[in-house]
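Secondary and tertiary structure notes
The lines below spell out each chain.
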Amino acid sequence: MTLKSTMIVDKDFKLAEVDPRVYGSFIEHLGRAVYGGIYEPDHATADEQGFRRDALEAIKSLNVPIIRYPGGNFVSGYNWEDGVGPKNDRKQKLDLAWWTTEPNLVGTNEFAEWAKLAGSEVMMAVNLGTRGIDAARNLVEYCNHPSGSYWSDLRISHGYKEPHAFKTWCLGNEMDGPWQIGAKTAYEYGRLANESAKAMRWVDPTLEFVACGSSSSSMSTFAEWEATVLDLTYDNVDYLSLHQYYNNNEKDSPNFLAKSLDLDQFISSVAATCDYIKAKKKSKKKIYLSLDEWNVWNTIGTSTAEQRWQIAPPELEDVYNLEDALVVGCLLITILKHADRVKMACMAQLINVIAPIMTENGGPLWLQTTYYPFLHTSVYGRGTVLHPLVTSPKYDSKEFTDVPYLESISVYNEELSEVTIFAVNRNLEERLQLDIDLRSFGNVQLIEHIALANDDIKAVNTKLDPNNVVPQICGTTTVDGGHITAQLSKTSWNVIRLKVNGE
C-alpha cells in the first residue's frame, strides 16, 4: 500500500528570505569539542596552529555562516583574559560548569583565526554569570577596537593587529537555569543585560545583541521570563534566544518523529511574547529570534566522578541513528517555516559533543547520520521560503494529534533558478507518494532527488562503518511539465532539487 500526499508550490506565496545564519552551529569548551575536536596539535592532519584539517574540511563542507562561542554553560564562569596572550603564560583553571580542567590553549584569538579558516563569523558570548558590564565592555574593546586603547593595544601586542570585528554577541547563557553559575531572576538578568548592552555598544555602535530567553519551554519561568527580560532590554537588544532539545528516551518512535510540532509551537509562543512587549511599549521595532541551541540530545548528563577535573574528557558523545536524522530534518524544516522570524539558529554542537561530526583522538573522522540533513539544507536551502499547500495522511501519537506523515517545505533560489523541496516521510511502515504542483514556475526539470533512508531506523554510522547510512540518489521521481511525482521511502529524508526553465 502506498499513501499519497500533495504539495502545491506557488512562486508568489512568499514567506521570507532565508537568513543564512539559520544554518549556524555552536562550539563550547565542553568535552572534546575544542580539544580533540577542532584542535589537536599532535594529530597527523594538524596545521601549524594545531587545528585538525580533516575536521576543518568536514565543517567547511557544511557552509556554516556563524558559530556561537565559547558557551554555553562554560561562559558563565569563564574569564576571557585567561585565554589570550602567550600560551606559556596561560593558567589552567577549573571549569565548574562541566567539572573539568580548562587548559586555555584555545581562546578568543585562536578561535577567531579558526573561524576564518572555516568561513564562519563568530557569535561571541559574554559572561553575565560571575562577571558583568566591565568584563564585557573590555572584551569588546579587545576584540573590535582598532588601536590606541589599553585593551586594543593588548590585542595587537598578542600578535593580532587587525580587529576581529565580531558583530553578534550573546548576553550570557541560560540565566534562568539553576545549573547556571550566577543564575538570576528575570529582573536581575534583564537589568544586567540591558546595562551591559549599552556599554558594549558605546564601545562599538555596530554590535547586535541576543538576550537570553528561558532555557527551554519546559522551564517554570517560561514565558514570564521572556516578557520581563524584553520589558527591561527592548530598546537595546535585537534578538531573543530559544534553546530546545529532543530525545527518544521513552523508545516511542511515532511520538519522537512528531517532536518538531513542539518546536513549531515554541517558536510561535516566543514570537507572540515579543509582539506583546512591542505592543506594550508602542514600539515600531521588531525583535527577531535566535534559536541558538537546538538538536536531538539523548545522553543528558555531565562528567562522571572519574572524569572530574580531567582535560577534555569524552562527554555527551551521542551516537545518532537514522531516526535521529529524520527528527533533525523535521526541526530544520520547522526553522525554515519560521524564516520570517527566526533569523539565527545554531545546531548544538558541531563536533564530538552531541554533534554531526565525530573524531578519534589521534585517529579518523566520521560523519553521523545527522550531518546530512544539516548539509543539505545549508547548501540547498538558500533563497526564499515559499508557503506550500500540503495535504497528507495523519496519525496520533502519545503527545500529539494530527501529525502529518509528510513534513515538508519549499525554498526558491531565484539566482540559480532552482526550487528545492525538503521532505520527511514519518511513516514507519509505508512509503509515501508525493505529488508536487509547480505550475506557476512553468516547466521544471529534475536535477536530483537525494534520499537518506535505511530499512533499520536504528542504523548508525561508526568509525568502523562510516558509510552505513549515507544519502543516495533516488531514481523513482518523474517530472511532467510543472508536475512532479516522487516516491518517498518509509522513514526517509528527501531533497528534491528542480531547475526552473520558465514558460
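Below is a short write-up of the structure. Starting from 1, residues in each chain are numbered consecutively following that chain's sequence as written. It should be noted that, the model being predicted, local features are given only for residues of pLDDT at least 70 and side-chain atom pairs only at 80 or more, the latter also being counted only at that level, while totals for whole chains, interfaces and linings use all residues. Calculated side-chain values reflect all of the structure's heavy atoms, with hydrogen atoms and water omitted.

Below, the discussion takes up the overall build of the chain. Assigned secondary structure in the chain consists of 10 helices and 24 strands. Based on C-alpha atoms, the radius of gyration is set beside the globule rule, defined as 2.2 Å times the residue count to the power 0.38. For 503 residues, the compact-globule estimate of 2.2 N^0.38 gives 23 Å, and the chain sits close to it at 23 Å. Principal axes of the C-alpha set define a box for the chain whose edges measure 70 × 60 × 45 Å. Exposed residues in this analysis have more than 50% of their type's maximum accessible area, buried residues have under 20%, and partly exposed residues fall in between, with area computed by a 1.4 Å probe over protein chains only. Across the 503 residues in the chain, those meeting the buried criterion constitute 61%. Sequence-distant contacts in the chain: of pairs separated by 6 or more residues, those separated by 24 or more amount to 77%. Areas reported as accessible are Shrake-Rupley estimates using a 1.4 Å probe. Residue values count occlusion only from the protein chains shown. When the accessible surface of the chain is split by element, carbon and sulfur atoms take 50% of a total near 19,200 Å². Two residue types count as positive, namely Lys and Arg, and two as negative, namely Asp and Glu; His and chain ends fall outside the count. A single reference atom marks each charge: NZ on Lys, CZ on Arg, CG on Asp, CD on Glu. Of the side chains in the chain, 47 bear a positive and 66 a negative charge, and the two mean positions are spaced by 5 Å. We count a stretch as a helix when DSSP gives it H or I for four or more residues in a row; a strand needs E for two or more, and each element gets its number in order from the N terminus. Residue contacts are counted whenever heavy atoms from the two residues lie within 4.5 Å of one another.

It is worth spelling out helix α10 (residues 371-380) at this point. With eight of its 10 residues buried, α10 lies for the most part within the structure. Burial in α10 covers these residues: Y371, Y372, P373, F374, L375, H376, T377 and S378.

So, about the layout of surface pockets. The distinction between a cavity and a pocket rests on a 1 Å grid over the protein atoms alone: a 1.4 Å probe fits inside a cavity but cannot get out, while a pocket stays open yet meets protein on both sides within 12 Å along at least five of seven lines, and a residue with an atom within 4 Å of a point counts as lining. Grid points are joined across faces, edges and corners, and a volume is the space filled by probe spheres set on the points. The volume enclosed by the second largest pocket comes to roughly 290 Å³. In terms of lining, the second largest pocket is formed by 15 residues, of which the most central are K337, V390, P404, E407 and S408. When residues of the lining of the second largest pocket are traced back to their parent elements, those giving at least two are α8 (260-280), α9 (322-337), β14 (384-391) and β17 (406-413). It is β17 that contributes the most residues to the lining of the second largest pocket, four residues altogether. Class assignment of the residues belonging to the lining of the second largest pocket gives a composition of six nonpolar, five polar and four charged. Nonpolar residues are Ala, Val, Leu, Ile, Met, Phe, Trp, Tyr, Cys and Pro. Charged residues are Asp, Glu, Lys and Arg, and all others, Gly as well, are polar.

Another aspect to go through is unusual backbone geometry. In the segment running from Y69 into P70, the intervening peptide bond is cis, with an omega of 0 degrees. In this structure, P70 sits in the loop between β3 (66-69) and β4 (93-95). Even without being a glycine, K282 presents a positive backbone phi close to 55 degrees. Here K282 shows up in the loop between α8 and β10 (288-296). According to the relative accessible area criterion, K282 is exposed, its value standing at 73%. Positive phi values are uncommon outside glycine, yet N352 reaches one of about 70 degrees. Here N352 lies in the loop between β11 (342-348) and β12 (357-359). Among the residues examined, N352 registers a relative accessible area of 0% and is labelled buried.

Turning next to the sheet that holds β3. By definition, two strands form a pair when at least two bridges between them are found by DSSP. What the eight strands build is a closed barrel, ordered β2-β3-β6-β7-β8-β9-β10-β11; its pairing is parallel. Strand after strand, the sheet turns through a mean of 30 degrees between neighbouring axes, direction not considered. Sheet topology places β10 next to β11; four bridges connect them, and they run parallel. If you follow W294 over to β11, its bridge partner there is M347. Strand contacts of helix α2 (residues 108-118): β3 and β6 (121-126), with the helix running at about 165 degrees to β3, the strand carrying the most contacts. Every angle, taken between N-to-C directions, lies between 0 and 180 degrees, and every axis is a line fitted to C-alpha atoms, over only the stretch in contact when it is a helix.

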